[in-house]
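Understanding the architecture of this molecule
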Amino acid sequence: MAEKTGTWNASDLPDLTGRTAVVTGANSGIGRTAADALARAGAHVVLAVRDPERGRAAAAGLTGSTEVRRLDLANLASVREFAAGWDRPLDLLINNAGVMMLPEQSTADGFEMQFGTNHLGHFALTNLLLPYLTDRVVTLSSGLHRGGDGVIHFADVNLRGRYSPNRAYAQSKLANLLFTLELQRRLTEAGSPVRALAAHPGYAATNLQSRTANPLARLGMRLGNLVVAQDDRAGALPTLYAATQDLPGASYVGPDGMGGMRGAPALAGRSPAASDPVAARRLWTLSEEMTGVTWPLGAGAGAVRTVTGG
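Reading guide: rules and limits
Residues numbered from 1 in each chain as written. Predicted model: local features only at pLDDT ≥ 70, side-chain atom pairs only at ≥ 80, totals over all residues. Heavy atoms only, no water. Helix = DSSP H or I, 4+ residues; strand = E, 2+ residues; numbered from the N terminus. Buried < 20%, exposed > 50% of the residue type's maximum accessible area, 1.4 Å probe, protein only. Contact = heavy atoms within 4.5 Å. Areas by Shrake-Rupley, 256 points an atom, 1.4 Å probe, with all protein chains shown as cover. pLDDT = per-residue confidence, 0-100. Pairing = 2+ DSSP bridges. Axes fitted to C-alpha atoms, helices over the stretch in contact; angles between N-to-C directions. Salt bridge = Lys/Arg side-chain N within 4 Å of Asp/Glu carboxyl O. Arc of directions from axis to C-beta. Polar contact = N/O pair within 3.5 Å; in protein donor to acceptor, adjacent residues only side chain to side chain. Core = buried A, V, L, I, M, F, W, Y, C linked by side-chain atoms within 4.5 Å. Parallel < 35°, antiparallel > 145°, perpendicular 65-115°, else oblique. Nonpolar A, V, L, I, M, F, W, Y, C, P; charged D, E, K, R; others polar.

Helix and strand counts for the protein chain come out as 8 helices and 8 strands. Among the 310 residues that make up the protein chain, the fraction classed as buried is 56%. Look at the contacts in the protein chain between residues 6 or more apart in sequence, and 73% of them connect residues 24 or more apart. A total accessible area of about 12,500 Å² is found for the protein chain, and carbon and sulfur atoms account for 52% of it.

What follows is the structure, given as structure tokens:
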């Protein structure tokens, strides 16, 4: 059940003067809207985008202090390059970028595109930037984490021979929640003040829906955008709420109305699979193996390495 927050909106953001935020995928949609709100509240916002030209065009329309840096989450070399160029404290990392229900394809490193971009790219980025982080990490999931088969396919997360756009997307969004759960456990065990939270936008009208693989699904989503969806400003509110309000680590924020599809930001429920600490530790170990990026803070690994199985 959602814990209602009333009519909280971007005008309720605290003064963020002197703070720095990185927002991935900030050239359009919810990412751009969140970046704009954070910059208007006084933060210096780094738009981390695959296409710097589009990023600069987006930044030109924002109010406040911004900069643009290249980041392709579907290429681990690009993730490492972005992180290697970071040399100052970072208050807020918003793992916003994502792809949705694509035809089967692979990242530059050979991973299934949705899992590789939505989860592995952000997993690597977060761990590489964690020594600089001072406040929190917010990772975008989706109510559709309950879809697909409702599990992480540990035997083959690339879904070879059993790929479907819906299954792959649901798995990647479930991974976002399990990543947040295990990240918070490790941060707590390491004595870090940084908090890990997750958010979802509900049903927000963005450009993601136009890129789905199934033409009928695209048509249905266009109709949904007209009838049910909230706009990207409303869709960004759970992200902004998770990024700035005093919430416990591992909290999950989404809209409080219409079954989580629209409304004011509030604490949201998640599937039992998204609350499984064993699966979260197992996913972390697998993600380290796939990306070659490991936990950077020393204490916090606990018994993760003992979790095995096919």
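The next point concerns the confidence of the model for the protein chain. Here the protein chain shows a mean pLDDT of 90. Residues at 70 or above account for 85%. Within the model, pLDDT remains below 50 along residues 302-310, and this stretch shows 16 contacts once partners closer than five positions in the same chain are excluded.

In space, the 8 strands of this open sheet follow the order β3-β2-β1-β4-β5-β6-β7-β8, with mixed pairing throughout. Pairing within the sheet leaves two strands with one partner each, and these edge strands are β3 (66-70) and β8 (262-267). For this sheet the average axis-to-axis angle between neighbouring strands, irrespective of direction, equals 25°. Bridge analysis of strand β2 (residues 44-49) against β3 gives 5 bridges, and the strand direction is parallel. Paired with V49 across the bridge in β3 is R70. Those strands touched by helix α5 (residues 165-189) are β4 (90-95), β5 (133-140), β6 (195-199) and β7 (252-257), and its axis lies near 160° from that of β6.

Evaluated as defined, the whole model comprises 14 salt bridges. Residue R19 pairs with D135 through a salt bridge whose shortest N-O separation is 2.3 Å. One end of the pair, R19, is in the segment before β1 (20-24); the other, D135, is in strand β5, with 116 residues separating them in the sequence. R19 sits in the partly exposed class, given a relative accessible area of 27%. Judged by its relative accessible area of 14%, D135 is buried. Among the ionic pairs, D149 bridges to R162, the shortest N-O distance being 3.8 Å. Here R162 lies in the loop between β5 and α5 and D149 lies in the loop between β5 and α5, a separation of 13 residues in the sequence. Owing to a relative accessible area of 36%, D149 belongs among the partly exposed residues under this scheme. The exposure class of R162 is partly exposed, given its relative accessible area of 41%. Taken together, the salt bridges that share partners define one network made up of R19, D91, D135 and R136.

Moving on: helix α2 (residues 52-60). Of the positions making up α2, those classed as buried are G55, A58 and A59. An end-on view of α2 places all buried positions within 100° of arc, on one side of the element. What points out from α2, more than 90 degrees from its buried face, is the exposed set E53, R56, A57 and A60. Against the buried residues of α2 lie α1 (29-40), β2 and β3. Residue D51 occupies the N-cap position of α2, its side-chain oxygen lying 3.0 Å from the main-chain nitrogen of E53.

Formed by 47 residues in total, the largest nonpolar core has its most connected members in V22, F82, L93, L125, L129, I152 and L183. Mapped onto this core, the elements with two or more residues apiece are β2, α3 (76-84), β4, α4 (113-129), β5, α5, β6 and α8 (277-291). Counting residues per element, this core draws most heavily on α5, at 7 residues.

Once that is clear, we can look at the packing of α4 against α8. One way to put it is that α4 packs onto α8 with a least axis distance of 10 Å and a crossing angle of 85°. On the basis of their axis angle, the class for α4 and α8 is roughly perpendicular. Facing α4, whose interface residues are F115, H119, L120, F123, A124 and N127, α8 presents L283, W284, S287, E288, M290 and T291. Counted by class, the contact of α4 with α8 contains 7 nonpolar, 4 polar and 1 charged residues.

With that settled, the discussion passes to the packing of α5 against α8. Between α5 and α8, the shortest axis-to-axis distance is 8 Å and the interhelical angle comes to 95°. Between α5 and α8, the angle is such that the two are roughly perpendicular. Residues A175, L178, F179, L181, E182, L183, R185 and R186 of α5 form the contact with α8, whose participating residues are P277, A279, A280, R281, L283, W284 and E288.

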